Structures are given as structure tokens and as C-alpha cells.
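# Fold and geometry: a report
As a plain string of letters, each chain reads:
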Amino acid sequence: MRQIPAVRLVHYADKTTAALHETLSYSAWIINESGEELSEVTLVLRSFTNAGMEDLQYATGPSILSIGPMPAGAETELVFTYVVTENDQCHAGELISAMAVQAVTASGTKLWDEHDAITPLACPDSIVHPLGTRTSLPTP
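Report follows, based on the coordinates. (Residues numbered from 1 in each chain as written. Predicted model: local features only at pLDDT ≥ 70, side-chain atom pairs only at ≥ 80, totals over all residues. Heavy atoms only, no water.)

### Topic: the sheet that holds strand β6 (residues 94-104)
Taking strand neighbours across the sheet as the criterion, the four strands line up as β4-β3-β6-β7 in an open arrangement whose pairing is antiparallel. A single partner strand is all that each edge strand has here, and the edge strands are β4 (66-70) and β7 (110-120). Recorded for the sheet is a direction-independent mean angle of 20° between the axes of neighbouring strands. (Pairing = 2+ DSSP bridges. Helix = DSSP H or I, 4+ residues; strand = E, 2+ residues; numbered from the N terminus. Axes fitted to C-alpha atoms, helices over the stretch in contact; angles between N-to-C directions.)

### A word on the sheet that holds strand β2 (residues 23-32)
On the basis of which strands lie adjacent, the open sheet formed by three strands has the order β1-β2-β5 and antiparallel pairing. The outermost strands of the open sheet, each flanked by one partner alone, are β1 (7-13) and β5 (75-83). This sheet shows a mean twist of 15° between the axes of neighbouring strands, independent of strand direction.

### Some thoughts on unusual backbone geometry
Not every positive phi belongs to a glycine, and H21 is a case in point at roughly 70°. Even without being glycine, M53 reaches a positive phi, approximately 60°. One can find M53 in the loop between β3 (38-49) and β4.

Here's what the structure looks like:
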């Protein structure tokens, strides 16, 4: 049976929930499961948003997202960090980091995989409103 060429992306945050001022590390593992060397292997940053659909920027991350040739069975990790802000907390909900990987086989077949890392935000004890006032939340 002929193996279908594949490149896989595994993308996740280092914490299951995040609180205000916490630093999150997002890992993006690129795995060549094709059985052959892949070229033009590139991580694509699709979007990074909070529950308010605001575009967010990673605090740190690799400056080059192109991996180049990748041997069969090889894998590599790229890491990005982000610090949760008061604005993220105001929107509650979650942070969504959406990434994809693209590559090309020796025969010219284009491969693509995508994965979203969704990190729920921990509920604060109080909410700081844009004007600076604070509202305490009821405890269950």
C-alpha cells in the first residue's frame, strides 16, 4: 500500500487555563510523516485573538518561520510566548492561537495541516473596567 505524504502540526499551550499576567508558551511541533524529504516547510501564523476578536502579538517567537528541507521522520519545535493582559481578562473567554504548516514533496505535491491552540482564561475575583473602577464578582 502506498503511503500518502503527510506533514503534521501539533500546536498547544503549556497551561490548560491562563490568568492575568501569566506567561503562556505556545509550542508548534512540525512533524514529517511523509516517508520522504520535504522542501519549503514553513509555519504559517494564521491568527492569534482573544474573546473580543482583537488581534494579539506574541511577546517572543522565532524570527524565521521557514524550516527549509526536512528529512523523512524529522520533527522540529518552534516556541512562542504571550503574557495575558487586563484587556484579555476583560473579554473573558479564551485565547485562540491558530497556526498551519505547509510543505512540498519531491514530486511537487503541496501539503498542509493546521491546528488551533485554545486556552481558556481563568475567571478573576474582580473585573477592572476601562475607567479604572473595580467590580467584585460573587463567589459560588
